[in-house]
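Take a look at the letters that make up each chain.
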Amino acid sequence: MTGTLVAAAATHQWGSHDTRLTLVTLGGIALIVLLIVLVKMHPFLALILGSAFVGLAGGVPLPKIISNFETGVGATLQEVGLLIALGAMLGKLLADSGGADRVMDTLLSKASPKVLPWAMALVAIIIGIPMFFEIGLVLLLPVIVLVAHRSGLRLMRIAIPALAGLSVLHGLIPPHPGPLIAIAAVHAQLGTTLALGIVVAIPTVILCGPLLSIAITRLVPVDAPTKAGGIDVSGGTDTAAVKTQHEDVTRPPSFGITLTTILFPVALMLSKALADIVWNSDKHPPMARTIFDFIGEPLVALVLAVLLAMITFGYAVGLDGGKISSRLSASVAPVASVILIVGAGGGFKQTLIGAGVGDSVAKFANNSHISILVLGYLVAVALRLATGSATVATITASGIVAPLAGSLSPTHLALLALIIGAGSLFLSHVNDAGFWLVKESFGLTVGQTFKSWSLMETAVSLVAFSFIMALSTIL
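Residues numbered from 1 in each chain as written. Predicted model: local features only at pLDDT ≥ 70, side-chain atom pairs only at ≥ 80, totals over all residues. Heavy atoms only, no water.

Draft legend 1. Seen up close, the overall build of the protein chain. Looking only at helices and strands, one finds 21 helices and 2 strands in the protein chain. Relative to its 475 residues, the protein chain shows a buried fraction of 55%. Long-range pairs, those at least 24 residues apart, make up 80% of the contacts in the protein chain with a sequence separation of at least 6. When the accessible area of the protein chain is evaluated, it comes to approximately 18900 Å², of which 69% is carbon and sulfur surface. (Helix = DSSP H or I, 4+ residues; strand = E, 2+ residues; numbered from the N terminus. Buried < 20%, exposed > 50% of the residue type's maximum accessible area, 1.4 Å probe, protein only. Contact = heavy atoms within 4.5 Å. Areas by Shrake-Rupley, 256 points an atom, 1.4 Å probe, with all protein chains shown as cover.)

Draft legend 2. Examining unusual backbone geometry more closely. With a phi close to 60 degrees, K40 is a non-glycine residue in the positive phi region. For K40, the position within the fold is in the loop between α2 (16-37) and α3 (43-57). In this structure K40 comes out as exposed when scored by relative accessible area, which is 67%. Phi is positive for H187, close to 60 degrees, though the residue is something other than glycine. By the secondary structure assignment, H187 is in the loop between α9 (177-186) and α10 (190-219).

Draft legend 3. Local environment of the nonpolar core. Among the nonpolar cores identified, the biggest contains 146 residues, and L108, L140, I144, L163, L416, F442 and M456 are the most heavily contacted of them. The contact partners of I144, leaving out residues within four places of it in the chain, are M120, L155, I158, A159, A162 and F442. (Core = buried A, V, L, I, M, F, W, Y, C linked by side-chain atoms within 4.5 Å.)

Draft legend 4. A look at the environment of R20. Within the secondary structure, R20 is located in helix α2. The class of R20 is partly exposed, set by a relative accessible area of 39%. Here the alpha-carbon distance between R20 and A57, two residues 37 residues apart in the chain, equals 9.1 Å. Ignoring any residue separated from it by four or fewer positions in sequence, one finds R20 in contact with A57, G58 and G59.

Draft legend 5. Highlighting the environment of K272. Its place among the elements puts K272 in helix α11 (residues 255-278). Considering only alpha carbons, one finds K272 and F294, 22 residues apart in sequence, at a separation of 7.9 Å. With sequence-adjacent residues up to four places away left out, K272 is seen in contact with F292, D293, G296 and E297.

Draft legend 6. Summary view of α11. The end-to-end C-alpha separation of α11 is 32 Å, in line with the 34 Å expected for 24 residues at 1.5 Å each. Along α11, the helix axis deviates most sharply at F264, where the bend reaches about 45 degrees; the proline P265 sits within four residues downstream. Every buried residue of α11 is listed here: T258, T261, I262, P265, V266, L268, M269, S271, K272, A273, A275 and D276. (Expected span 1.5 Å × (residues − 1). Bend = angle between axes of the 7 residues up to and from the residue.)

Draft legend 7. Highlighting the environment of P174. Within the secondary structure, P174 is located in the loop between α8 (155-172) and α9. Among the residues examined, P174 registers a relative accessible area of 1% and is labelled buried. Taking the C-alpha atoms as reference, P174 lies 8.2 Å from L190; in sequence the two are 16 residues apart. Other than its neighbours up to four places away in sequence, P174 contacts P179, L180, I183, L190, L194 and M269.

And the structure:
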């Protein structure tokens, strides 16, 4: 079906209907932005109303408007809804067990001031694997401020490496929702995308974290605030002064156990990619490949990771079954809103596709001869600037360009998923909740937030884009 869509689009020139659909799409996005920013409406409801506007203005029959939206919601949550909940469970157990404290204390306690920015980036990467960006930032915020106080370094020298590590993982690395959505939409291979994502993520974090922080510190030469997340850190001298460990924990996990548990789902997903390379024949695959393919699926990998965490971050640290169960239950409530927004974003994406926007984009790409990788990036950038949500930008952009991806190789499908994620990180500004979270957390002005956080996000997007395009010429 994908090939048919591309072929059909390629045989027609751009017409007035395509122009009208483009204007309708821009109007729908503008409506969503206005409802979120000016009316302060919840993004879930704003996306529903934006979808209704696009369907009605695009001439879609009324029953089809509803079915398109419901189909999009169902397809998106089928891919990532359960994964978001499982990731939240893993993150909650990590924090409450003291595992996050162990990682931070181990990596930061003996680091010299010159090494601290690099250690901070590494901490953010490790902590960020099982946690959403916002949760990871809230967890690391007191540590960032405390380390800045203890070392005498300016705030941005410590904060930017941590923010870069969290942001890059959020946009490029499964099991975060955005990358998983893009992988599913363009039918990329998970293992290939994960492996290439790591290749892109490492140099991107280095360039946009510890190195870029030198320049940003000159642009925003502010000291760390005395309070972070409600915790007074002005008199602290050790990261141990800031703890996420719950009082019920009697023996926190070791650094090795913590690291093993965090990396466990990533290792399972990479094992699937390795098995597909070793046994690359689809005819009568050996049992070993079948097993690795099964345990490497994100849903299975995260379920197994949560089960392991129940032992390493639960029973082994002194919690009984009831306390573990209560923590798992508590972890889901904070991400319920995220799940709703992700689902509605999928509905909006499918509404656009049902109205014919995907065909119009295919015509534009065919007539302009633009690379599908560049097109995917630009569409994600435009949606990120308009909606402020990296996840919504990823969902919508991947859905729009997916019909063009039928002729791509598995490697380039993975690169397409990654480049959409890179575009979704471009220039966080006033319509992004992350912008205000960073501003308020660090006590910055709007201008300082633009010169630090927004600049770093733009750099992350452009550097990742450059590396992905370079890989596309090699692979």
